[in-house]
Amino acid sequence: MTSLDTTVRIVALIIFVITMAYNGPLIVMGVLFARRADGSLRRQLALENGPPVAVPAGWTVFVLIPCLNEAKVIANTVHCLLDAQPGVRLIVVDDGSDDDTAALAAAAGKGVTVVWRVLPAAPPGKGAALNAGLRHIRRCVENEGLAPGRVLVCVLDADGRMTPGAVACVTELFEQPEVGGVQLAVRIRGRDSVALRFQDIEFWALSALSQFGRVAMGAVSMGGNGQFTRLSALDDVGEQPWSDSLTEDLDLGISLAVAGWTVTSTMGAFVSQQGLRDARRLLRQRTRWFQGHMSAMARLPELWSTPGIRRTVRVELTGYLFMPYLITLPWSVIQQYLLFRLAFGDNPGLFDVATGPLWMQVLSGIGLYAITFGPFAIWAVLYWQRTGDQPLWKSIAYLHAQPVWMYVAFIAAWRATWRILRRRTGWIKTERVAETPVTTTGSAATSLPNPFVGHSRSAEAASVADA
């Protein structure tokens, strides 16, 4: 074995230890949290068929849906939201769409408010769109004399569907005054292709259980779909709590931590969304995620210099922000070297098993296999326990393909690194797939006219349009 082989072995072992030291405890705590909450990892699936539950008395919940050309999905999202979450106040922020997004949203349910953002006067971007919607919410709260501490702002993607009664479930968590944010677990709909199944494994096994593990620390990471925040917490963050970061959701979570708020999650609800079948769009999406994640390292000095933040929150968020640098990028290089040595090495000692008796060789081979596939095996079993539509043998089969699926992250991470070095921050919105229309028991909406396309300009519409 060459000295380079020895170095690679050491680095690979270090990465393995870091991965298990960070993810291992989170997964264990997440499983324990899930079992304490419901007694079964799979029981959360039954929530999809639960009854609608109205928003509890004393609470006001606004749902913000930022939209840019979402005509394919917005009507279904509005129908499902208003039917499954009675009492919410829905605000669709049209971020300069050139299709029928706003009209379809307004016609899909009673009481839908459309906030119009007209380009180029209004700068594009999800963070800017959310801040525009928040300005309208703040005006409503002030005009109606509502208490900001009893007002929740939910962010839902244009293809997001929360389980019935999710809003009512979440409000219970906000009865704890220190809770400033709640993030729901995410599931991919469909799952009828290999790509969608792998995305669901990521969201429903690794990400969801890791999030549940963070509950004990109060450092659950905020996502862009199924995100709930107390209005008074948003007020503490600032006039425009959502930044122009490519991952404005992660940035908000850090800001809430800096402001001293706790972010948590629940087993009592989740949100589903579309996955991506097209490889190019998937890489584009993951590149944006990695770039936003990696750029968020700039928040570390603020995270550690601000007094009053719990040490567990500082440590967990710091570890989370370092993951692309400590695991994804270095392992993308190590894995290629290992494969090269396995294929072309004249004496690939990196992969030798112990010599001697058969039992020693077998144990050595099992150890090598465990190091290579052990973490994937854990995720496969947990995913099988969490899902009701895939047998164990298929989950085990998928685990052996995980090293191949990892190339999505490898390529995206290096593309993100290149974009950071070139200071490129623009991005293309993920395109949706049209779904079978759903129906609703609610009546049609009374929509606000768009004053910029020749409609009559009411006082309310004017204030919303100029937000």
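Only a predicted model underlies this, so the values are computations on that prediction, with no experimental measurement involved.

Draft legend 1. Summary view of the overall build of the chain. Within the chain, the regular secondary structure consists of 15 helices and 10 strands. Counting across all 467 residues of the chain, residues that qualify as buried make up 52%. Across the chain, the fraction of contacts at a sequence separation of at least 24, relative to all contacts at a separation of at least 6, is 80%. Of the roughly 20900 Å² of accessible surface on the chain, a fraction of 62% belongs to carbon and sulfur atoms.

Draft legend 2. Summary view of the sheet that holds strand β6 (residues 179-183). Judged by pairing direction, the sheet is mixed, and its seven strands sit side by side in the order β3-β2-β1-β4-β8-β6-β9 without closing on themselves. Across the chains shown, the open sheet's two edge strands, defined by having one partner strand only, are β3 (113-117) and β9 (262-264). Averaged over all neighbouring strand pairs, the angle between strand axes comes to 20°, with direction disregarded. Two strands pair when backbone bridges link them, and strand β1 (residues 60-67) and strand β2 (residues 89-95) are joined in this way by six bridges, in the parallel orientation. Among the inter-strand pairings, Leu64 is bridged to a residue of β2, identified as Ile91.

Draft legend 3. Looking closely at a nonpolar patch on the surface. Nonpolar side chains collect at one region of the surface, where Tyr325, Leu326 and Ile420 lie side by side and expose about 220 Å² of accessible area between them. With respect to the helices and strands, the residue Tyr325 is situated in helix α11 (residues 311-344). Residue class for Tyr325 comes out partly exposed when judged on its relative accessible area of 34%.

Draft legend 4. Quick peek at the packing of aromatic side chains. Enumeration according to the criterion identifies eight aromatic pairs in this entry. Ring plane angle 35° and centroid distance 5.5 Å describe the contact between Phe33 and Phe212, whose orientation is recorded as tilted. Taken together, the positions of Phe33 in helix α1 (residues 3-38) and Phe212 in helix α6 (residues 194-214) put the pair 179 residues apart, joining distant regions of the chain. The class of Phe33 is buried, set by a relative accessible area of 17%. On the basis of relative accessibility, which here comes to 1%, the residue Phe212 falls in the buried class. The interplanar angle of 10° and the centroid separation of 4.9 Å between the aromatic rings of Phe198 and Trp405 together place this pair among those described as stacked.

Draft legend 5. Just the sheet that holds strand β5 (residues 161-162), in detail. In space, the three strands of this open sheet follow the order β5-β10-β7, with mixed pairing throughout. On the outer flanks of this sheet lie β5 and β7 (185-188), each paired with one strand and no other. Bridge count between β5 and strand β10 (residues 270-273): two bridges; the pairing is antiparallel. The residue of β10 that forms the bridge with Met162 is Val271. In the packing of α6 onto the sheet, the strands contacted are β7 and β10, and the crossing angle to β7 comes to about 170°.

Draft legend 6. Up close: helix α13 (residues 392-399). Every buried residue of α13 is listed here: Ser395, Tyr398 and Leu399. In a view along the axis of α13, the buried residues occupy a sector of 105°, so they form one face of it.

Draft legend 7. The arrangement of the packing of helix α8 (residues 248-258) against α11 in detail. Running from amino to carboxyl end, α8 crosses α11 at an angle of 160°, the nearest separation of the two axes being 11 Å. As summarised for this structure, α8 and α11 are arranged roughly antiparallel, according to the angle between their axes. In the crossing of α8 with α11, the sense of the turn from one axis to the other is left-handed. Of α11, the residues touching α8 (which contributes Leu250, Ile254 and Ala257) are Val313, Leu317, Tyr320 and Leu321. For the contact of α8 with α11, the residue count by class is seven nonpolar, no polar and no charged.

Draft legend 8. How the structure looks around α6. Taking 1.5 Å per residue as the helical rise, α6 with its 21 residues ought to reach 30 Å, and the 29 Å between its terminal C-alpha atoms agrees with that figure. The sharpest bend along α6 measures roughly 30° and falls at Ser207. Here α6 lies mainly inside the structure; 17 of its 21 residues are buried.

Draft legend 9. Region of interest: the pattern of salt bridges. Taken as a whole and assessed by the stated rule, the structure comprises 24 salt bridges. As a salt-bridge pair, Lys126 and Asp157 come within 3.2 Å of each other at their nearest N and O atoms. On the criterion of sequence distance, the pair formed by Lys126 in helix α4 (residues 126-144) and Asp157 in the loop between β4 (151-155) and β5 is long-range, its members being 31 residues apart. Two residues, Glu435 and Arg161, come together in a salt bridge whose shortest N-O distance is 2.6 Å. Here Glu435, found in the loop between α14 (402-421) and α15 (459-465), pairs with Arg161, found in strand β5; they are 274 residues apart in sequence, far enough to count as distant. Residue classification places Arg161 among the buried positions, given a relative accessible area of 19%. One continuous salt-bridge network, built from bridges that share partners, spans Arg187, Arg191, Arg197, Asp200 and Asp389.

Definitions and limits used
- Residues numbered from 1 in each chain as written.
- Predicted model: local features only at pLDDT ≥ 70, side-chain atom pairs only at ≥ 80, totals over all residues.
- Heavy atoms only, no water.
- Helix = DSSP H or I, 4+ residues; strand = E, 2+ residues; numbered from the N terminus.
- Buried < 20%, exposed > 50% of the residue type's maximum accessible area, 1.4 Å probe, protein only.
- Contact = heavy atoms within 4.5 Å.
- Areas by Shrake-Rupley, 256 points an atom, 1.4 Å probe, with all protein chains shown as cover.
- Pairing = 2+ DSSP bridges.
- Axes fitted to C-alpha atoms, helices over the stretch in contact; angles between N-to-C directions.
- Patch = residues over 30% accessible without salt bridge, like charges linked within 9 Å, V, L, I, M, F, W, Y side chains within 5 Å.
- Salt bridge = Lys/Arg side-chain N within 4 Å of Asp/Glu carboxyl O.
- Phe/Tyr/Trp six-rings, centres within 6.5 Å; stacked < 30°, edge-to-face > 60°.
- Arc of directions from axis to C-beta.
- Parallel < 35°, antiparallel > 145°, perpendicular 65-115°, else oblique.
- Left-handed = near helix turned anticlockwise from the far one by under 90°.
- Nonpolar A, V, L, I, M, F, W, Y, C, P; charged D, E, K, R; others polar.
- Expected span 1.5 Å × (residues − 1).
- Bend = angle between axes of the 7 residues up to and from the residue.

Shape descriptors only; they carry no functional weight alone.
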